[in-house]
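# Coordinates in review
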Amino acid sequence: HAGIINAGGFLILRFAGLISSSTATLDLLALVGGLTALFGSLVMLTQTSIKVSLAYSTIAQMGFMMMECGLGAFSAAFLHILAHSLYKAHAFLSSGSVIDLARASWSIKHHANPHPGRSVIVVALVLAATFGIGTALGASLAEKPGIFALSAIVALGLIHLIAAGFDERPSASVMLRVVGFATAAGIAYFALQLAAETVFSAALPPTAALRSPLDLAIVTLIVLSFAAVTILQSLLPGIGRGGPWLALYVHTANGFYINTVANRLILRLWPRATQSGSPRPSAPLLNGARQ
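Residues numbered from 1 in each chain as written. Predicted model: local features only at pLDDT ≥ 70, side-chain atom pairs only at ≥ 80, totals over all residues. Heavy atoms only, no water.

This model, assessed by the stated rule, comprises 3 salt bridges. A salt bridge links Lys-144 to Glu-197; the shortest N-O distance between them is 2.9 Å. On the criterion of sequence distance, the pair formed by Lys-144 in the loop between α7 (116-136) and α8 (145-168) and Glu-197 in helix α9 (residues 172-199) is long-range, its members being 53 residues apart. This pair shows no difference in class: Lys-144 is buried, exactly as Glu-197 is. Ionic pairing is found between Asp-215 and Arg-211, a salt bridge with its closest N-O pair at 3.0 Å. Here the salt bridges share partners, and the residues they tie into one network are Asp-27, Arg-211 and Asp-215. (Salt bridge = Lys/Arg side-chain N within 4 Å of Asp/Glu carboxyl O. Helix = DSSP H or I, 4+ residues; strand = E, 2+ residues; numbered from the N terminus. Buried < 20%, exposed > 50% of the residue type's maximum accessible area, 1.4 Å probe, protein only.)

Put into structure tokens, the structure is as follows:
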């Protein structure tokens, strides 16, 4: 499983010297990788099965790796493969325990849902802080767009950790611990990126700078898309389940039916024979696609 999942990223890294010479190939990798990461992240939020959610998370992580390669951050993609192998293995192995802990600690939340304006302000401040810290540490948008894009997404993910600490038990000690942990995680991210760039410098091309306005547009689109997802995720508890929101939820939970369309296309091109040798009259929905 792990070998098949990482095969795409591994082959791209093995041919990094050749691929980095084609700007069109890099732009295609960045665009497809960013869209894949966004698709996997959105669908993951709507799944009711923890292992299906982790599977869509894996799709998103592979999209991030392709995006990093497309933006010329090959060392970051190499580090991502190593890190993903560790934390996704832990996530799958501990998934049953997480369910038990969630059931045991569940309680009714009496605090009000955050105001949309607060979410927008927090996201804007986090992105501004990421831009400033990245520029100070040599990972600015112009110099290392791939590392900057992923660092912004990591920082957006830390917003939920900070918000949970502030909203659930707003005590001074909890706030300090949460902010301290988030700060340490951000510093560790940049430190690991610098270490990976140094360690893999002899095997991979150096991290590329911003090449063209198209690269700037791709990075901007990716960061703004995940900022919008972060805001939407914080507002989900207060959004009504009727009308267009319910329709969007259903379509997203079904993966926008991409899996169903792909299965039907494959079975049309390579129909599975019955015992008598004749093709099946109809193609079933595979891999758990919902009716």
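Running from amino to carboxyl end, helix α4 (residues 50-70) crosses helix α5 (residues 74-93) at an angle of 170°, the nearest separation of the two axes being 9 Å. Here α5 runs roughly antiparallel to α4, going by the angle between their axes. Contact with α4, carried on its side by Lys-51, Leu-54, Ala-55, Ser-57, Thr-58, Gln-61, Phe-64, Met-65, Glu-68 and Cys-69, involves Phe-74, Ala-76, Ala-77, His-80, Ile-81, His-84, Tyr-87, Lys-88, Ala-91 and Phe-92 of α5 and no other residues of that element. Among the residues making up the contact of α4 with α5, the classes are represented as 12 nonpolar, 5 polar and 3 charged. (Axes fitted to C-alpha atoms, helices over the stretch in contact; angles between N-to-C directions. Parallel < 35°, antiparallel > 145°, perpendicular 65-115°, else oblique. Contact = heavy atoms within 4.5 Å. Nonpolar A, V, L, I, M, F, W, Y, C, P; charged D, E, K, R; others polar.)

If you look at the biggest cluster of nonpolar residues, it comprises 32 residues, and the most contacted ones within it are Phe-64, Val-123, Leu-127, Leu-156, Val-219 and Phe-226. Among the elements that take part in this core, α8 stands out by supplying 9 residues, more than any other. Those residues in contact with Val-219, other than ones at most four positions away along the chain, are Leu-71, Leu-141, Pro-145, Phe-148 and Ala-149. (Core = buried A, V, L, I, M, F, W, Y, C linked by side-chain atoms within 4.5 Å.)

Considering the arrangement of structural elements, one finds Gly-138 in the loop between α7 and α8. With relative accessibility at 22%, the residue Gly-138 sits in the partly exposed group. Between the C-alpha atom of Gly-138 and that of Phe-148, which follows or precedes it by 10 residues, the distance is 9.8 Å. Contacts of Gly-138, omitting those with residues within four sequence positions, involve Glu-143 and Lys-144.

The next point concerns the side chain of Thr-252. As for its placement among the helices and strands, Thr-252 is situated in helix α11 (residues 243-253). Other than its neighbours up to four places away in sequence, Thr-252 contacts Leu-42, Val-43, Thr-46 and Gln-47.

Attention now moves to the packing of aromatic side chains. Counted under the stated rule, the structure contains 6 aromatic pairs. Here the aromatic rings of Phe-131 and Phe-148 are separated by 6.0 Å at their centres, their planes lie at 90°, and the arrangement is edge-to-face. Within this pair, whereas Phe-131 is found in helix α7, its partner Phe-148 is found in helix α8, the two being separated by 17 residues in sequence. Residue classification places Phe-148 among the buried residues on the basis of a relative accessible area of 7%. Each ring, one from Tyr-189 and one from Phe-190, has its centre 5.3 Å from the other, and the planes form 75°; the classification is edge-to-face. Relative accessible area serves as the criterion here: at 13%, Phe-190 is assigned to the buried category. One aromatic cluster in this structure is built from Phe-39, Tyr-56 and Phe-256. (Phe/Tyr/Trp six-rings, centres within 6.5 Å; stacked < 30°, edge-to-face > 60°.)

Read these as layout, nothing more, since geometry by itself doesn't imply function.
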